[in-house]
Each structure stands twice: as structure tokens, then as C-alpha cells.
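For reference, the chains in residue letters:
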Amino acid sequence: MPISGNRKSITGGNFGSPKIDLGGCVLYAPLWRPELAGSPFNSNGVYGIPTQNCTVTGALWTSQGRRFDGIDDSIDCGSASVLDDLAPFTFLAWIYPTGAGEGGNGTVIWKETAGNSGTFFQLYNNDLRLLLRIDHATDDVYRYGTAGEVKLNIWQQVVATWDGSTTAANGHIYINTIEITYGGSLNGVGARVSDAANNLLIGNNLAGSFTFAGTIGEVLIYNRALTPLEIQRNYQTTKWRYS
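Below is a summary of the structure that appears in this document. These numbers were taken from a predicted model, which means no experiment stands behind them. (Residues numbered from 1 in each chain as written. Predicted model: local features only at pLDDT ≥ 70, side-chain atom pairs only at ≥ 80, totals over all residues. Heavy atoms only, no water.)

The geometry of two aromatic rings is summed up by the distance between their centres and the angle between their planes. Applying the stated criterion across every chain, the model contains 11 aromatic pairs. With 6.3 Å between their ring centres and 90 degrees between their planes, F68 and F212 make a pair best called edge-to-face. Of the two residues, F68 sits in strand β7 (residues 65-69) while F212 sits in the loop between β18 (200-202) and β19 (213-222), which places them 144 residues apart along the sequence. A relative accessible area of 0% means that F212 is categorised as buried. Ring geometry for W94 and Y235: centres 5.5 Å apart, planes at 15 degrees, overall stacked. Placement of W94 in strand β9 (residues 89-97) and of Y235 in helix α1 (residues 228-238) is noted, with a sequence separation of 141 residues between them. You'll find W94 and Y235 in the same group, each marked buried. A connected cluster of aromatic rings, assembled from ring pairs, spans W94, Y96, W155, Y235 and Y242. Positioned above the aromatic ring of Y182, the side-chain terminus of R143 is 3.5 Å from the ring centre. Of note, R241 hangs over the ring of W32, and the distance from its end group to the ring centre comes to 3.2 Å. (Phe/Tyr/Trp six-rings, centres within 6.5 Å; stacked < 30°, edge-to-face > 60°. Helix = DSSP H or I, 4+ residues; strand = E, 2+ residues; numbered from the N terminus. Buried < 20%, exposed > 50% of the residue type's maximum accessible area, 1.4 Å probe, protein only. Lys NZ or Arg CZ within 6 Å of the ring centre and 35° of its normal.)

Quick look at the environment of P40 now. Its location among the elements puts P40 in the loop between β3 (25-30) and β4 (41-42). When the C-alpha positions of P40 and P50 are compared, they lie 16 Å apart, and in sequence the two are 10 residues distant. Sequence-distant contacts of P40, defined by excluding residues within four places in its chain, comprise N53, C54 and T55. (Contact = heavy atoms within 4.5 Å.)

Burial within strand β15 (residues 171-175) is extensive, with four of its five residues counted as buried. The pairing of strand β14 (residues 156-162) with β15 spans five bridges and is antiparallel. Within β15, the position partnered with T161 by the bridge is H172. Linking β15 back to strand β16 (residues 178-179) in an antiparallel pair, the connection comprises two residues, with N176 at a positive phi of about 50 degrees. (Pairing = 2+ DSSP bridges.)

A separate point is the nonpolar core. Grouped together as the largest cluster of nonpolar side chains are 41 residues, with contacts concentrated most on I75, V219 and I221. At four residues, β9 tops the list of elements feeding residues into this core. Discounting residues that sit within four places of it in the chain, I75 has contacts with L31, F41, C54, T55, V56, A59, R66, F68, L200, L201 and I202. (Core = buried A, V, L, I, M, F, W, Y, C linked by side-chain atoms within 4.5 Å.)

For α1, every residue scored as buried is listed here: E230, I231, N234, Y235, T237 and T238. Along the axis of α1, the buried residues cluster in a sector spanning 165 degrees; they form a single face. (Arc of directions from axis to C-beta.)

Another point: unusual backbone geometry. Geometrically, the link from S39 to P40 is a cis peptide bond, its omega value of -5 degrees lying close to zero. A cis amide bond, omega 0 degrees, links A87 with the succeeding residue P88. Structurally, P88 is set in the loop between β8 (74-76) and β9. Positive phi is not limited to glycine here, since N176 has a value of about 50 degrees. Along the polypeptide, N176 turns up in the loop between β15 and β16.

So, about the environment of Q156. Here Q156 lies in strand β14. For Q156, a relative accessible area of 1% corresponds to the buried category. Measuring from C-alpha to C-alpha, the distance between Q156 and K239 comes to 8.6 Å, with 83 residues separating the pair along the chain. If we skip the residues at most four places from it in the chain, Q156 touches A93, W94, I95, P97, E149, V150, K151, I175 and N176. Engagement of the side chain of Q156 in a polar contact is seen with the backbone oxygen of K151, the distance being 2.8 Å. (Polar contact = N/O pair within 3.5 Å; in protein donor to acceptor, adjacent residues only side chain to side chain.)

Shape is all these values report; function is a separate question.
Printed below as a string of C-alpha cells:
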């Protein structure tokens, strides 16, 4: 993928295509890149993005990304301070699910607090909807979609943004740049519970019980909420790889 020389951005596969704005990006893991094929691997540190050392359990490398078995695979990206207690944030990934994942709750990105709670973005409820949840002391912030919104055996870009508030409506979930229809939400009550003590995982939770089933092509995490226009730009820049 060519890299532009005059801004924090990466161009797409075709001349003149849009650019990803990498401002505020704290993890960029293009899992299809050959230099990320081993374990451990370093996430991509272009334009000063912090490099994270990631350890792979299972998750076979392919030229389109890492393939998760829906049983026990994971990628552990550690707990550098730039990954801790993100508020606001954006979680972005290209996924090719082959099923709902282990327990029907296949994980895309997970940063745990305690007791299987934390900050996470995953498939949910064994019916291919997406869930965004952020641990708070009394009631968590969460929003989830509707059954069947995630499609099997095709590539799709999934994105979750959150502005750091306790208002659930300020969390947004997108599939291929389109904001989903929400099936439920809950405002947070109490203080945000810190997730700094545990590592950030791709494709599983800390207990290893919510394994993603399918391939994850790339993951980007930001310390800010991307705008809809930025999400569209990212999609246009990267979709050629997954067409």
C-alpha cells in the first residue's frame, strides 16, 4: 500500500483514491502484511503511530489477514498507556465472518476490566448483531444492533465510535459506512471503570471464551471519534483490498 509523503495518511490501491487520516491513531495492524505474519509481530508504526508488540495464539496468517478458528485463537497487543482507558475512541476493522463466533459472541476488539466486562466491540447474541459496551461502575454504556446485520462469508468494514460520555446515543456503530439500526441501548451510570490493568485483544476476550470465527483483515484504533466523512474515506481507501 503506497504511503503519501506530505500528511498523516495512507493512500489506497488506485491512483487518486482517498486517504486515511491517521491523526490520533494509536494502533494500526494491517494483518495481511507479510511482515506481520510471525509471532510476536510489531504493529505498523508509520507516521509516528505507536508500535505495539502483538503475540498471536493460533490465528493463521493469510494474504488477506488473520484467520480465527472460533475456538481459542487470539492476538494480544499488550497494554501500552496509549491503549488504556480510551475516551473518546474509534474501533475499526475489516472482517470476514464465517459464523457468529464462540458462544455466538465473536470478539472483534476487547479491553477487559474484570469479570468479563470492559471496553469491547463484538458480535452478540448468536444472531449476527454488533455490540459496543464500555464498563461503568453502576450501569455500562452499551448499544447493540439488530439480528442479521453482519453478513457471513463476505468482507465488511465495521466501526464503533464513542465520545467518552455516559450517553449511549453518543456511541455509534457502522457497517460499510452506514450507521446501523439499533436494537437497544443503555446510558452509563457511575464512573468509567479503568481497563488499564489488562491487555488489548483482537479476536477474543481475556478468558478465551468469545473467539471470532473468520478472518480479520486489519484493525485501527484511534484516541478520538472519527467523523462519518472520515469513516467513508477510510472505507473508500481500503475496500479495494477486500473486493
